[in-house]
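# Coordinate analysis (summary)
Residue-level listing of the chains:
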Amino acid sequence: MDYIPATEKDIKEMLNIVGVTSINDLVRDFIPAFTGKMNLPQPKSELELVRHMRGLAHTNKILRCFVGAGAYNHYIPSAVSHLLARGDLFTGYTPYQAEISQGTLQAIYEFQSFICLLTGMDVANASLYEGASALAEAALLSCSYTGRDRIFVKERLHPQYLEVLQTYCEGAELTLTDRIDNDTACVIAQNPDFYGNVENLHYLAEQAHRVGALFTTCIVEPTSLAILEPPGKYGADIVAGEAQSFGIPLSFGGPYLGFIAVKDFLLKKLPGRICGMTTDSRGNRGFVLTFQAREQHIRRERATSNITTNQALMALAATIYLALMGRSGLTTVAKLSYARAHLLNRKLEKAGFRNLNSKPFYNEFVVKAPRSAEELASRLLKKGIVGGVNLGEDNFLICCTEMNSIQDIDDFVSAVAGD
Amino acid sequence: MKIIFEYEEEKNTGHLQKEEEEDVCIELPDDISRKELLPIPNVNEVDVVRHYTNLSRMNFGVDIGFYPLGSCTMKYNPKVNEDAARAEGFSNLHPLSPEVCTQGSLKLMWELKEYLKDITGMDDFTLQPSAGAQGELLGVMMAKAYFRHKGEKRTKAIIPDSAHGTNPATASMCKLETITIPSDPRGNIDIRRYRESLGPEVALVMLTNPNTLGLFDENTIEISDLAHKNGILMYCDGANMNALLGITRPGDQGFDMIHLNLHKTFSTPHGGGGPGAGVLGVKSFLSEYLPVPQVVKRDSGYSLDYDCKKSVGRVRSFYGNFGMHVRAYSYIHSWGTKIRKVSEHAILNANYLQALLKDTFDLAYDRRCAHEFVLSSRRFGEKSALNIAKRLMDYGFHPPTIYFPLIVPEALMIEPTETESKETLDRFVLALKKITSELKEDPEMVKQSPLSTPVGRLDEVAAARRPNLRWRPSQRTNQSGSE
Ligand SMILES: Cc1ncc(COP(=O)(O)O)c(C=O)c1O
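Scanning chain B from N- to C-terminus turns up 16 helices and 13 strands. Its C-alpha radius of gyration of 25 Å places chain B within 12% of the 23 Å reference for a compact globule of 483 residues. Referenced to the eigenvectors of the C-alpha coordinate spread, the extents of chain B come out at roughly 75 × 70 × 45 Å. With 483 residues in all, chain B has 68% of them scored as buried. Partitioning the intrachain contacts of chain B with sequence separation of at least 6 by distance along the chain shows that 71% fall at a separation of at least 24. A total of about 16,500 Å² of accessible surface is found on chain B, and carbon and sulfur atoms cover 48% of it. Between the mean site of the 58 positive side-chain charges and the mean site of the 64 negative ones, chain B shows a separation of 4 Å.

Given below as structure tokens:
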């Protein structure tokens, strides 16, 4: 395929206007000239391309999924992808020119609103890359606000999130600490945590605030917010995390949807784009990017973050998803996810598994298997099930959503029960 | 337009099986259960579909018209790549699936890295960074790790004044101090000032090539040689790779690292501002600092390798914006060995536009350009770039990037890309010339423009002074919500 419309005649005329005889004349200064041969595939027609890509996609195996751990298999209503694919939304970019970007801008405003309403926070931005780096941005924000450089992380944060935090801290010359004291910039806790435990973190927020630190709740499975107390209610200053659960496909790990929401007093420290409501020259309601003096294109080395391109399309998907599901739909998702996980847990306990959750759990839980995790995994695989994450020592992290039917659950149990 | 929260409460449609079908009993303690009604509205599907369809009609994208937004490479996003990314085998694959289930994805990622190595002349790649800015961040982190292992403490980054804001913003996120080097009268980095700023405290030079003026730095090789003599790493901001495909390779120009914006050069769509993919390529001596995991090819198949002691760790969960990798991979397969043509036509289109417009405006630097060029509208007075941009919308065009790079007054930064026809470019030139005469004949009208858009110019001052950044339930009563 060749997406270049210029004809031979056009090319000749254009070269003529430019005042050269060949395109090569235009790139003579680009040195050193590449004269080798590139090891690229042969050009393909669209038909050939479709065949090739289908073949690759078929090499993957999509099985019944009981894995969560930061990526959740929820149902996506059909209308989400149809609306998302509209070229006017799909093929734009950052809405710098508000007059012809009201669709994007209003959708961002709605996204920010949804995030605030779900988390109980005051303001949210237009999106960050994904959950783990969103959490790292929360840590950077806290250090910048408090002028301190230590970060406390409660146990059972998603291990990849912890790794990202470590990497960002190393780069930004900050330290992870195991004490909450007067040098602590922020206290971070995931809720539900990596094992699925849910907790009222009020006590931790108080502990943070007593020493002048900010309290950050990390949300990785946001459908939980439909039935759980929002972090804004138990003292969070920042909520950061992942919103892939809201209408975004698993897609082997990305693109997903990072978000960050804060209490009002932290607004000027937020990273990334923020959209606000205003009026236009004709007196109509309209939307613009605002508080841009925080951002790299204005502030350069003094910006709150370097983020530029974000995950706007994914934020749009989440907005459409939430609008379609509504209060009833989202609550159903949460209740079913909860119910299926608890059903599977009960059945597994009967089959000799031991639940290791120390607190009530939402839709993920950890069990100790009566046999090795490897054997478990391979038995499940034979039944076409990806059964969970092996945490070592025969411990298994299992997740259910509304997508796991009762039949799936029975198949899971029969695969692992008995000899 | 209403906002979604202003719809009257409606009957919600059944996207899922009804919960009554099952005995759902939530037994969560009171102190962790939501007490208030979930404050999001129930709107029926027809209204939701109309709502977002109507929003989309107030938007502009490449599918609607010419989008010469400089530095952003707003080329056509081939539809066939969307089908590829949406294929069930890719889109429904959980990232923690066992490797027997993920061979197709891993193969794609491995091959994509191979292609990118070849295209850039680098030795290794990571696909992990989510966008260009995160690629930069990772690059600077790796540079720091590299010097730490060598036992050197270097605290500064050299960045030209034409650079994109992410470059200095990234440096300071990693606690490096920026040394800003001015540009010379030909738009190159001022080589004398550059030489003076070299020293043992400098960690890296961050260079965009061609730079944001759309000019290939004529001293690139000398710049790299000088950096290397001082033990400094050369970082290439590869946002402008659309000018170089098959023509010259950053790896051969002396760069040690480069990030690419797959969402620019390799045509992955990023409506509304993202997603991107900011893959990072490095020379072999930096390989061991790359993030984990790395995709490797073994006799038994493709696999994810977490075993790398010097790795800086991770900059995000999982493996990157995989959906973007699929599209970029598919795009590369459509072009294959003929990929040089992309850049040739991007450059031809830009030079053609520049030639037609350089007398109407002031050319920031009077040289042949690469894939984009920067005009100054200063002869039309203050705010003229803004006014021209706004008026262009009435002619059906997306405006160019304005007021960037910062070193050009009243800057109009124009990047046509290779996917635009001569006819489109001619219409654009005509519109710009028409607007310049309007500026003389009816300047008030131009200042009022755009006149044909869903909304007029927006009050940005009010937006910042009385921030309304989210809908609140209390707003329901006092909003008109007329449609
Ligand atoms: C020259 C240049 N450098 C860096 C970036 C940052 O890349 P991204 O927006 O993908 O983070 C951009 C684009 O925004 C750019 O144009």
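Turning our attention to the nonpolar core. Residues F215(A), L330(A), L116(B), I119(B), Y194(B), F266(B) and F373(B) are the most contacted members of the largest nonpolar core, which totals 198 residues. Sequence-distant contacts of F373(B), that is, excluding residues within four places in its chain, are made with L213(B), A350(B), L353(B), Q354(B), L357(B), L363(B), L412(B), M413(B) and I414(B). If you look at the next biggest cluster of nonpolar residues, it comprises 72 residues, including A132(A), I188(A), A157(B) and I159(B).

Bringing the packing of aromatic side chains into the picture now. Inspection of the entire model under this criterion finds 26 aromatic pairs over all chains. Look at Y256(A) and F318(B): their rings are 6.2 Å apart centre to centre, the planes differ by 80°, and that puts the pair in the edge-to-face class. You can see Y256(A) sitting in the loop between β7 (238-242) and β8 (258-262) and its partner F318(B) sitting in the loop between β9 (301-305) and α10 (322-335), one on each of two chains. Each of the two residues, Y256(A) as well as F318(B), counts as buried. Of the aromatic side chains, those joined through ring pairs into one cluster are F252(A), Y256(A), F90(B), F318(B), Y319(B) and F322(B). Over the ring of Y7(B) we find K2(B), and its NZ or CZ is 4.4 Å from the ring centre.

All names here are of chain A. Here chain A is described as being made up of domain 1 (64-74 + 326-416) and domain 2 (79-319). When each unit is reduced to the centre of its C-alpha atoms, the spacing between domain 1 and domain 2 is 28 Å. Taken together, the contact pairs 24 residues of domain 1 with 22 residues of domain 2. Here domain 1 packs against domain 2, burying approximately 1,900 Å² in sum over the two surfaces, 64% of which is carbon and sulfur. Considering only the side of domain 1, the residues that lose the most area to domain 2 are Y72, L330 and Y362, jointly responsible for 31% of the buried surface there. Counting across the interface, domain 1 meets domain 2 through one salt bridge. Across the pair E199 and K359 runs a salt bridge, and its minimum N-O distance is 3.8 Å. Taken together, domain 1 and domain 2 are joined by eleven residue pairs in polar contact (both at pLDDT 80 or more). Broken down by secondary-structure element, the contributors of at least two residues to the side of domain 1 that touches domain 2 are α10 (312-350) and β12 (364-368). With six residues, α10 is the single largest residue contributor to the side of domain 1 that touches domain 2.

To continue, consider the site of the ligand. Close contacts around the ligand come from 15 residues, with T309(A), S71(B), G132(B), D237(B) and K264(B) the closest. Bordering the ligand are residues originating from chains A and B. One nitrogen or oxygen atom from the side chain of H263(B) is found 2.8 Å from an oxygen atom belonging to the ligand. In the complex, 99% of the free accessible area of the ligand, which totals 380 Å², lies under the protein chains. Within the residue set of the shell around the ligand, elements represented by two or more residues are α5 (132-150) and α9 (262-265) of chain B. No other element matches the three residues that α5(B) contributes to the shell around the ligand. Taken together, the residues of the shell around the ligand sort by class into four nonpolar, eight polar and three charged.

Taken together, the contacts link 209 residues of chain B with 179 residues of chain A. Here chain B meets chain A over a buried area of about 16,800 Å², counting both sides, of which 63% is carbon and sulfur. Of all residues in chain B, the largest losses of buried area upon contact with chain A belong to R34(B), Y52(B) and L469(B), amounting jointly to 5% of the total for that side. Counting across the interface, chain B meets chain A through ten salt bridges. Between R285(A) and E6(B) there is a salt bridge, with its nearest N and O atoms 3.0 Å apart. Looking at side-chain class alone, the side of chain B that touches chain A contains 103 nonpolar, 61 polar and 45 charged residues.

For the rest of this paragraph, the subject is helix α1 (residues 8-18) of chain A. Regarding α1(A), the residues found buried are D10(A), I11(A), M14(A), L15(A) and V18(A). One side of α1(A) holds all its buried residues, which, seen down the axis, span an arc of 125°. Relative to its buried face, α1(A) has exposed residues pointing more than 90 degrees away, namely E8(A), K9(A), K12(A) and N16(A). The inward-facing, buried residues of α1(A) contact α11 (340-357) and α13 (422-441) of chain B.

Attention now goes to helix α5 (residues 102-119) of chain A. All names here are of chain A. In a regular helix each residue adds 1.5 Å, so 18 residues correspond to 26 Å; α5 covers 25 Å between its end C-alpha atoms and thus fits that length. Within α5, 18 of the 18 residues are buried, leaving the element largely enclosed by the surrounding structure. In the stretch just after α5, G120 is the one whose phi turns positive, near 75°.

To continue, consider the pattern of salt bridges. Residues and elements named next belong to chain B. Counted under the stated rule, the structure contains 49 salt bridges over all chains. Across the pair E218 and R367 runs a salt bridge whose closest N-O atoms are separated by 3.6 Å. Taken together, the positions of E218 in the loop between β4 (202-208) and α8 (220-229) and R367 in the loop between β10 (362-363) and β11 (373-376) put the pair 149 residues apart, joining distant regions of the chain. For E218, a relative accessible area of 28% translates into the label partly exposed. Measuring nitrogen to oxygen at the nearest pair gives 3.9 Å for the salt bridge that ties K309 to D307.

With that settled, the discussion passes to the sheet that holds strand β6 (residues 257-260) of chain B. Whether parallel or antiparallel, the strands of a sheet pair through hydrogen bonds between backbone atoms. Residues and elements named next belong to chain B. Taken together, seven strands build an open sheet; the order of strands is β1-β7-β6-β5-β4-β2-β3 and the sheet is mixed. A single partner strand is all that each edge strand has here, and the edge strands are β1 (124-126) and β3 (177-181). For this sheet, the mean angle separating the axes of adjacent strands, direction not counted, is 25°. In the packing of α5 onto the sheet, contacts are made with β1, β4, β5 (233-238), β6 and β7 (280-282), and the angle to β5 comes to roughly 175°. The strands touched by α8 are β4 and β5; relative to β5, the strand with the most contacts, the crossing angle is about 140°.

What counts and how
Residues numbered from 1 in each chain as written. Chains lettered and ligands numbered in written order. Predicted model: local features only at pLDDT ≥ 70, side-chain atom pairs only at ≥ 80, totals over all residues. Heavy atoms only, no water. Helix = DSSP H or I, 4+ residues; strand = E, 2+ residues; numbered from the N terminus. Rg over C-alpha atoms; globule rule 2.2 N^0.38 Å. Buried < 20%, exposed > 50% of the residue type's maximum accessible area, 1.4 Å probe, protein only. Contact = heavy atoms within 4.5 Å. Areas by Shrake-Rupley, 256 points an atom, 1.4 Å probe, with all protein chains shown as cover. Lys, Arg positive; Asp, Glu negative; His and termini not counted. Charge placed at Lys NZ, Arg CZ, Asp CG, Glu CD. Core = buried A, V, L, I, M, F, W, Y, C linked by side-chain atoms within 4.5 Å. Phe/Tyr/Trp six-rings, centres within 6.5 Å; stacked < 30°, edge-to-face > 60°. Lys NZ or Arg CZ within 6 Å of the ring centre and 35° of its normal. Domains from an automatic or database assignment. Buried area = accessible area lost by both parts, 1.4 Å probe. Salt bridge = Lys/Arg side-chain N within 4 Å of Asp/Glu carboxyl O. Polar contact = N/O pair within 3.5 Å; in protein donor to acceptor, adjacent residues only side chain to side chain. Near = heavy atom within 4 Å. Nonpolar A, V, L, I, M, F, W, Y, C, P; charged D, E, K, R; others polar. Arc of directions from axis to C-beta. Expected span 1.5 Å × (residues − 1). Pairing = 2+ DSSP bridges. Axes fitted to C-alpha atoms, helices over the stretch in contact; angles between N-to-C directions.

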